[in-house]
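One-letter residues, chain by chain:
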Amino acid sequence: MMAVSDETFPPRKRRPSAGAFVSPNLTNQRLLQYLLLLSLETSNLLPLRPLLKRNSSSIIRKAKLLSVLFEEIICDSVPRFPPSAVLCFEELYVVLQRTKTLIEDCSNGSKMWLLMQHESVSNTFHELTVELSTLLDIFPVREMNLNEDVNELVLLIRKQCYEAKPFVDPIDQNLRGDVLRILDTIRTEIVPDYTELGEIFDRLKLHDSTSCRDEIESLEEEVQNQNDDGSKSSVIALIGLVRYARCVLYGASTPRTTGLKVKSSADLSFPTDFRCPISLDLMTDPVVVSTGQTYDRGSINLWLESGHNTCPKTGQTLAHTELIPNLALKNMIAMWCREQKIPFESMDTIHKSKSVVTNKTAFEATKMTVSFLINKLTVSQSTDTANRVVHELRALAKTDSDNRACIAEAGGLPLLGKFLGSDQPNLQVNAVTTILNLSILEANKTRIMETEGVLNGIIEVLRSGATWEAKGNAAATIFSLTGVHAYRKKLGRKTRVVKGLMDLARDGPTSSKRDALVAILNLAGDRETVGKLIEGGVVEMASQVMDGLREEAVTIIEVVVKKGGLAAVIAAHHVIRKLAAVLREGTDRAQESAAATLVNICRKGGSEVVAELAAITGIERVIWELMGMGTGRGKRKAATLLRILRRWAAGLNDSATAAYSVTNVSSTRIVLPG
């Protein structure tokens with residue numbers, strides 16, 4: 001039995017559907033001019049190659065004849081058309097629209113998918129030709145009083161449009177059978193014959209790495225045009241085949257820097273707010289947890305299912321595990337994706353294992369691809385070749401859990417570890433980013449921690465990487481590893497990790513700073529590690545970066561205070577003033593965190609700390625504004641903070657003030673002691 005049967009592939013979808021085409025509401029002469037323009041545009045299209053060449057060439061020739069017909073009718077200056085002629089012209093416009101769209105769709109889409117659909121598409125070409133023939137049969141030649149030459153032209157087009165049955169090219173049919181046999185071979189875990197594979201791809205004009213990469217992108221778009229998991233799974237099998245063939249036939253390739261093809265999210269640096277703090281990938285289904293932080297649904301579900309009951313970003317215990325869709329952010333991401341010409345949800349639709357039915361052919365193709373790349377990397381003596389192979393592994397590791405597992409199980413980590421110390425910046429970046437992508441899989445976290453040389457290599461890249469990108473991705477890898485509590489403790493004890501993160505947070509560009517800060521925040525979730533962080537200067541660092549990255553810096557200060565670092569925060573210069581500034585100008589989330597931190601500091605720090613806060617000009621008004629316009633938690637913390645200040649001003653300085661209700665707080669100004 002074949003891996004992919006004929007019935008697996010549903011009829012190709014036209015985009016837009018045939019029913020979406022309408023004729024414009026125009027005067028007779030304007031309609032004729034539009035018909036002439038449309039027929040000329042259609043006749044100037046290139047015939048499809050290598051598939052459906054005869055079908056497309058035939059209908060393009062007919063469009064050329066129609067353009068001559070419309071031009072002649074315009075030149076005849078017929079003063080008035082009979083209603084039946086107008087109706088024919090309107091229907092001809094729709095048929096020509098559909099013809100042009102079909103040819104463009106087939107030309108711009110996947111060759112592999114077109115091959116699987118070639119019989120269905122051949123039928124569509126035949127249907128369009130039959131519709132042209134029918135319209136020309138009923139065209140009122142006599143009533144139009146056209147000259148003899150035009151009448152003969154109509155008869156000629158009628159004759160050419162007559163087709164008894166669809167033409168299905170036997171060469172295309174045989175090629176389709178060859179592809180299905182290759183897919184079946186892969187499904188049964190047999191490596192395809194190199195020569196046969198090369199012949200198939202040569203016949204499809206997929207004759208180099210770039211054309212294969214374009215084909216993969218086209219197939220990824222095609223996945224989104226399928227409505228059922230079975231069809232998506234079948235297209236993914238073709239993606240696996242093309243990816244394998246590209247590596248085996250043409251070698252791994254470096255990323256493209258130019259081109260007009262639709263981009264994937266893996267090729268772009270996307271806005272930080274669109275990145276899931278857990279997976280570090282573009283969010284496709286953002287949801288909000290009880291702390292107000294946003295994560296991608298799949299990532300936070302995995303976090304919760306693995307036994308965690310805290311917010312990964314803030315370290316706060318979750319009041320509940322309900323996930324609320326962040327529709328506003330999802331719409332913003334979708335708009336950005338459209339602007340960047342990225343198919344929105346392509347990563348979710350194509351790659352995440354829960355989105356589609358598992359396809360054995362695709363999985364075996366992935367295993368073969370990984371095996372080929374690992375073997376090539378093992379024997380490679382060239383830095384350029386190694387960089388190409390590692391980049392290919394990086395792209396594979398970004399796609400799904402199966403790929404991440406395959407790469408690690410094939411022995412990829414020790415090889416990647418060797419290149420972390422490379423003096424070639426691109427190779428180092430590709431190596432550390434591949435490890436970062438691998439670390440998303442929970443089982444690979446253990447492999448990374450236990451494989452000799454890999455963790456030390458990551459730490460060295462963090463401290464002295466060749467580029468900020470390499471350092472940032474090393475920090476992101478540390479963040480990923482700290483998702484496991486035992487590894488959080490182990491990494492937090494390493495002075496090199498703490499110092500590397502601190503230096504990056506202080507000196508790096510904004511994107512790298514964020515990578516370092518989220519890793520520091522995760523480390524701060526462990527009370528024992530907070531001491532190490534304080535020794536490494538975490539409070540001073542957070543104070544320094546608070547002007548630019550308020551939310552991240554304030555959250556770190558909040559966690560440090562909760563985990564026993566109160567004295568260090570109080571001793572740090574200007575921290576209280578900076579927290580007060582965040583109350584005035586920060587984001588909702590930053591204001592909430594700043595208010596909570598100030599409450600903890602004032603409760604436990606004594607009257608001197610409260611006095612320092614109270615001495616800040618306008619602090620009462622700022623707190624009142626937060627009580628009126630902040631988040632739910634922010635309002636509560638602001639009210640508590642105001643009560644603490646009022647009790648201090650009244651000389652009632654005890655930590656129990658926070659327990660009192662603030663329901664009846666009036667707007668009386670705080671009177672500060674002289």
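What you see is a predicted model; the values in this text were computed from it and never measured.

A. Spotlight on the nonpolar core. Ranked by size, the top nonpolar core spans 103 residues in total, and within it L501, I520, V538, L579, L583 and L613 carry the most contacts. Ranked by residue count, the leading element in this core is helix α25 (residues 510-524), at eight residues. Not counting residues within four places of it along the chain, the set of residues in contact with L613 comprises I576, A580, L598, C602, I619, L641 and L645.

B. The arrangement of the packing of helix α3 (residues 83-108) against helix α5 (residues 118-137) in detail. In contact at an axis separation of 10 Å, α3 and α5 are set at 160 degrees when each is read in the N-to-C sense. One finds that α3 runs roughly antiparallel with respect to α5. Of the two possible hands of crossing, α3 and α5 adopt the one that is left-handed. Contacts from C88, E91, L92, V95, R98, T99, L102, I103 and C106 of α3 reach α5 at V121, T124, F125, L128, E131, L132 and L135. Residues belonging to the contact of α3 with α5 are distributed by class as follows: 11 nonpolar, two polar and three charged.

C. Broad picture of the packing of helix α30 (residues 575-585) against helix α33 (residues 619-629). One way to put it is that α30 packs onto α33 with a least axis distance of 9 Å and a crossing angle of 50 degrees. Classified by the angle their axes make, α30 and α33 are oblique. When the axes of α30 and α33 are compared, the crossing they make is left-handed. Together, A580, L583 and R584 of α30 and I619, V622 and L626 of α33 make up the contact between the two elements. Looking at side-chain class alone, the contact of α30 with α33 contains five nonpolar, no polar and one charged residues.

D. Representation of the sheet that holds strand β3 (residues 324-325) in the model. Strand order in the open sheet made by the three strands is β2-β1-β3, with antiparallel pairing throughout. Every interior strand has two partners, whereas the edge strands, β2 (294-296) and β3, have only one. In terms of strand pairing, strand β1 (residues 286-288) meets β2 through three bridges, oriented antiparallel. Bridge pairing links V287 to Y295 in β2. Strands β1, β2 and β3 of the sheet are contacted by helix α12 (residues 297-305), whose axis makes an angle of about 95 degrees with β2.

E. Examining the packing of aromatic side chains more closely. Inspection of every chain in the model, using the stated rule, returns two aromatic pairs. For the ring pair F70 and F89, a centre distance of 6.4 Å and an interplane angle of 75 degrees mean the geometry is edge-to-face. Here F70 is found in helix α2 (residues 53-76), whereas its partner F89 is found in helix α3, with 19 residues between them in sequence. Across this residue pair, the class does not change: F70 and F89 are buried. Relative to F139, the ring of F89 has its centre 5.5 Å away and its plane inclined at 50 degrees; by these criteria the two rings are tilted. Here the residue F89 occupies a position in helix α3, and F139 occupies one in the loop between α5 and α6 (141-144), the gap between them amounting to 50 residues. Residue F89 is classed as buried on the basis of its relative accessible area, which comes to 1%. Residue F139 is classed as buried on the basis of its relative accessible area, which comes to 5%. A network of ring pairs unites the aromatic residues F70, F89 and F139 as a single cluster. Over the ring of W468 we find K471, and its NZ or CZ is 4.7 Å from the ring centre.

F. Quick look at the pattern of salt bridges. This model, assessed by the stated rule, comprises 30 salt bridges. D515 is the partner of R275 in a salt bridge, and the nearest nitrogen-oxygen pair spans 3.7 Å. Of this pair, R275 sits in the loop between α11 (229-250) and β1 while D515 is found in helix α25, placing the two residues 240 residues apart along the sequence. Note that E528 is salt-bridged to R493, the shortest N-O span being 4.0 Å. With E528 in helix α26 (residues 527-535) and R493 in the loop between α23 (485-492) and α24 (495-507), the pair connects residues that are 35 residues apart, well separated along the chain. Across the pair, exposure class does not vary: E528 and R493 are exposed alike. Bridged by salt links that share partners, the residues E558, K562, R589, E592 and R633 form one connected network.

G. View of the environment of N331. Within the secondary structure layout, N331 lies in helix α13 (residues 327-339). A relative accessible area of 48% means that N331 is categorised as partly exposed.

Rules of the game
- Residues numbered from 1 in each chain as written.
- Predicted model: local features only at pLDDT ≥ 70, side-chain atom pairs only at ≥ 80, totals over all residues.
- Heavy atoms only, no water.
- Core = buried A, V, L, I, M, F, W, Y, C linked by side-chain atoms within 4.5 Å.
- Buried < 20%, exposed > 50% of the residue type's maximum accessible area, 1.4 Å probe, protein only.
- Helix = DSSP H or I, 4+ residues; strand = E, 2+ residues; numbered from the N terminus.
- Contact = heavy atoms within 4.5 Å.
- Axes fitted to C-alpha atoms, helices over the stretch in contact; angles between N-to-C directions.
- Parallel < 35°, antiparallel > 145°, perpendicular 65-115°, else oblique.
- Left-handed = near helix turned anticlockwise from the far one by under 90°.
- Nonpolar A, V, L, I, M, F, W, Y, C, P; charged D, E, K, R; others polar.
- Pairing = 2+ DSSP bridges.
- Phe/Tyr/Trp six-rings, centres within 6.5 Å; stacked < 30°, edge-to-face > 60°.
- Lys NZ or Arg CZ within 6 Å of the ring centre and 35° of its normal.
- Salt bridge = Lys/Arg side-chain N within 4 Å of Asp/Glu carboxyl O.

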